Amino acid sequence: FTLNDRMTRDLALTLLQHRTDVYGSGRIKEGNNSMDVSATGTAAGSDLMLNLVSTNPIAQYKLNLTVDQDLASGEYQASSAGGESWAGTADGQKTA
């Protein structure tokens, strides 16, 4: 995935699904820095809702995506432990 707001972040996720539950882990790369994230969410029809949480630094990304075959796109809201919040768009593709 690519997360776009005032900067561009690359997001690589491994996701598993059991019925409507989605979970997994991955990494967000921001410039030369990266952070591990855990992912939980739900899938229903073409809608995929993901909640990503990192612990160092503490941040949360809530993605609201529409999936069409191997492509996903939508919007996200993010916030940090320091109280900063921001929003942007997300675009991604299934690779495996």
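It should be noted that the structure appears before, not after, this text.
The structure displayed is predicted, hence computed values, not measured ones.

## Some remarks on the sheet that holds strand 6 (residues 58-68)
Through backbone hydrogen bonds, the strands of a sheet pair up, either in parallel or in antiparallel fashion. Taken in spatial order, the eight strands close into a barrel running 1-2-3-4-5-6-7-8, and their pairing is antiparallel. Going from strand to strand, the sheet's axes swing by 30° on average, the running direction of each strand aside. In terms of strand pairing, strand 4 (residues 33-44) meets strand 5 (residues 47-55) through eight bridges, oriented antiparallel. Paired with A43 across the two strands is L48, which belongs to strand 5.

## Structural notes on the nonpolar core
Counting 20 residues, the largest nonpolar core has L3, Y61, L63 and Y76 as its most contacted members. Going through the elements one at a time, strand 3 (21-30), strand 4, strand 5, strand 6, strand 7 (71-80) and strand 8 (85-93) are the ones with two or more residues in this core.

## Looking at the pairing of strand 5
Taking every second residue as pointing to the same face, the buried face of strand 5 carries L48, L50, L52 and S54, while none of D47, M49, N51, V53 and T55 on the other face is buried. Here strand 4 hands over to strand 5 after two residues, with G45 in that stretch at a positive phi of 60°. Pairing analysis gives nine bridges linking strand 5 to strand 6, with the strands arranged antiparallel. Among the inter-strand pairings, S54 is bridged to a residue of strand 6, identified as A59. Counted between consecutive antiparallel strands, the loop separating strand 5 from strand 6 contains two residues.

## A few points about the side chain of R9
Along the chain, the position of R9 falls in strand 2 (residues 8-18). Only 2.5 Å separates the side chain of R9 from the side chain of D5, close enough to count as a polar contact.

## Here's the deal with the side chain of S54
Residue position: S54 is located in strand 5. Overall, S54 belongs to the buried group, its relative accessible area being 1%. Within the structure, the side chain of S54 is placed 2.5 Å from the backbone oxygen of P57, a separation counted as a polar contact. Other than its neighbours up to four places away in sequence, S54 contacts M35, D36, V37 and A59.

## Describing the pattern of salt bridges
Taken as a whole and assessed by the stated rule, the structure comprises five salt bridges. R6 serves as the salt-bridge partner of E84, at 2.9 Å between the closest nitrogen and oxygen. You can see E84 sitting in the loop between strand 7 and strand 8 and its partner R6 sitting in the loop between strand 1 (2-4) and strand 2, a full 78 residues away along the chain. Residue classification places E84 among the partly exposed residues on the basis of a relative accessible area of 39%. Via salt bridges that share partners, D5, R6, R9, E30 and E84 belong to a single interconnected network.

Conventions we followed
Residues numbered from 1 in each chain as written. Predicted model: local features only at pLDDT ≥ 70, side-chain atom pairs only at ≥ 80, totals over all residues. Heavy atoms only, no water. Pairing = 2+ DSSP bridges. Helix = DSSP H or I, 4+ residues; strand = E, 2+ residues; numbered from the N terminus. Axes fitted to C-alpha atoms, helices over the stretch in contact; angles between N-to-C directions. Core = buried A, V, L, I, M, F, W, Y, C linked by side-chain atoms within 4.5 Å. Buried < 20%, exposed > 50% of the residue type's maximum accessible area, 1.4 Å probe, protein only. Polar contact = N/O pair within 3.5 Å; in protein donor to acceptor, adjacent residues only side chain to side chain. Contact = heavy atoms within 4.5 Å. Salt bridge = Lys/Arg side-chain N within 4 Å of Asp/Glu carboxyl O.

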